[in-house]
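Letter by letter, the chains look like this.
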Amino acid sequence: GAGVSQSPSNKVTEKGKDVELRCDPISGHTALYWYRQSLGQGLEFLIYFQGNSAPDKSGLPSDRFSAERTGGSVSTLTIQRTQQEDSAVYLCASSLGRGGLPDTQYFGPGTRLTVL
Amino acid sequence: DQQVKQNSPSLSVQEGRISILNCDYTNSMFDYFLWYKKYPAEGPTFLISISSIKDKNEDGRFTVFLNKSAKHLSLHIVPSQPGDSAVYFCAASAERYTGNEKLTFGTGTRLTIIP
């Protein structure tokens, strides 16, 4: 079956421009996570969506970052006025979202963002 | 503040021998630990996990050991195979039972299996 897909796979942008990154989770998965991996760093949690609940935005590094999840499926991560320190691989993961049970997160291939 | 640490950025092991990857954590609230494997240009894939109520979990060639008092876990791969060459990430979660299992990751260890 189809896994988590992300687009674009690579994005090069100029400092100050806005970018949108897209994530298509596995069908039926109610939980969706965004992470990013900067050079030499581990994956860093950004935001979590679960069904119709309010998202956990505690990992977003600044108010230039926002994300939405429409219809409980596709998610878009938007970075406004990009800065060079935003350069990273942005990874999306989805899971069944079963509370109280171990729940494996399945990752997409990521979007490599380069801000010049 | 790195709550999950993998102090070895790289490790080389002869094919057929045991690979041991280590991970330390500082947050005592972590109650679920995972290992992910990552190939270039792909997302991480889940490998094995362990709950804090256990000290060992085994799946085929992969075994994870948890030492809560030392806040340390390790992944053993035996025997190591060339296909095991990848970057391995240790991850931890503190919110299993809320369904929000946001993970805190280490920086990864690049494992190279030498034929």
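To be clear, the structure that these remarks concern was listed above.
Below, the structure is looked at part by part. (Residues numbered from 1 in each chain as written. Chains lettered and ligands numbered in written order. Predicted model: local features only at pLDDT ≥ 70, side-chain atom pairs only at ≥ 80, totals over all residues. Heavy atoms only, no water.)

1. Here's the deal with the overall build of chain B
In step 1: Looking only at helices and strands, chain B features zero helices and eleven strands.
In step 2: Taken from the N to the C terminus, the helices and strands of chain B come in the order β-β-β-β-β-β-β-β-β-β-β.
In step 3: Reported as C-alpha extents along the three principal axes, the dimensions of chain B are approximately 45 × 30 × 25 Å.
In step 4: By sequence separation, contacts in chain B at least 24 residues apart represent 55% of the contacts at least 6 residues apart.
In step 5: Accessible surface for chain B amounts to roughly 5,400 Å². Of this, 49% is attributable to carbon and sulfur atoms.
In step 6: One finds the centroid of the 12 positive side-chain charges in chain B at a distance of 2 Å from the centroid of its 11 negative side-chain charges. (Helix = DSSP H or I, 4+ residues; strand = E, 2+ residues; numbered from the N terminus. Contact = heavy atoms within 4.5 Å. Areas by Shrake-Rupley, 256 points an atom, 1.4 Å probe, with all protein chains shown as cover. Lys, Arg positive; Asp, Glu negative; His and termini not counted. Charge placed at Lys NZ, Arg CZ, Asp CG, Glu CD.)

2. Describing the pattern of salt bridges
All names here are of chain A.
In step 1: For the structure on display, the rule yields six salt bridges over all chains.
In step 2: The residue D86 makes a salt bridge to R64 at a minimum N-O spacing of 2.8 Å. Of this pair, D86 sits in the loop between β7 (75-79) and β8 (88-95) while R64 is found in the loop between β5 (43-50) and β6 (65-69), placing the two residues 22 residues apart along the sequence. Pair check on accessibility: D86 and R64 agree, each one buried. (Salt bridge = Lys/Arg side-chain N within 4 Å of Asp/Glu carboxyl O. Buried < 20%, exposed > 50% of the residue type's maximum accessible area, 1.4 Å probe, protein only.)

3. Let's talk about the packing of aromatic side chains
In step 1: Going through the model one piece at a time under the given rule, you end up with 13 aromatic pairs over all chains.
In step 2: Ring plane angle 85° and centroid distance 5.4 Å describe the contact between F107 of chain A and Y36 of chain B, whose orientation is recorded as edge-to-face. Here F107 of chain A, found in strand β9 (residues 106-107), pairs with Y36 of chain B, found in strand β4 (residues 32-38), and the two come from separate chains. Y36 of chain B carries the same exposure label as F107 of chain A, and that label is buried.
In step 3: Taking 6.1 Å as the distance between ring centres and 80° as the angle between the ring planes, the aromatic pair formed by F107 of chain A and F105 of chain B counts as edge-to-face. One end of the pair, F107 of chain A, is in strand β9; the other, F105 of chain B, is in strand β10 (residues 104-105), on a second chain.
In step 4: The class for F107 of chain A is buried, based on a relative accessible area of 10%.
In step 5: Through a chain of ring-to-ring contacts, three or more aromatic side chains come together here, namely Y33, Y35, F45, Y48 and F107 of chain A together with Y36, F46, F89 and F105 of chain B. (Phe/Tyr/Trp six-rings, centres within 6.5 Å; stacked < 30°, edge-to-face > 60°.)

4. Here's the deal with unusual backbone geometry
Most peptide bonds are trans, and most residues other than glycine sit at a negative phi.
In step 1: Cis geometry marks the peptide bond from S7 of chain A to P8 of chain A; its omega dihedral reads -10°.
In step 2: Structurally, the position occupied by P8 of chain A is in the loop between β1 (5-7) and β2 (10-13).
In step 3: Here the amide bond leading from V78 of chain B into P79 of chain B is cis, since omega sits at -10°, within 30 degrees of zero.
In step 4: Even without being glycine, R81 of chain A reaches a positive phi, approximately 50°.
In step 5: Relative to the helices and strands, R81 of chain A resides in the loop between β7 and β8.

5. What to know about the state of the cysteines
Throughout this description, disulfide means a covalent bond between two cysteine sulfur atoms.
In step 1: All told, the structure shown has two disulfides over all chains when counted by the stated rule.
In step 2: Covalently, C23 of chain A is tied to C92 of chain A through a disulfide, its sulfur atoms 1.8 Å apart. Taking the sign of the S-S torsion, -65° for the link of C23 of chain A and C92 of chain A, the bridge is left-handed. Taken together, the residues span a long stretch of sequence, with C23 of chain A in strand β3 (residues 19-24) and C92 of chain A in strand β8 at a distance of 69 residues.
In step 3: Here C23 of chain A falls in the buried class, since its relative accessible area comes to 0%.
In step 4: Residue C23 of chain B pairs covalently with C90 of chain B via a disulfide, S to S 2.0 Å. The sign of the -75° torsion about the S-S bond sets the C23 of chain B-C90 of chain B disulfide as left-handed. With C23 of chain B in strand β3 (residues 19-25) and C90 of chain B in strand β9 (residues 86-93), this pair connects stretches of sequence that are 67 residues apart. C90 of chain B matches C23 of chain B in its accessibility class, with the two residues each being buried. (Disulfide = S-S within 2.5 Å.)

Don't take any of this as a statement about function, it's just geometry.
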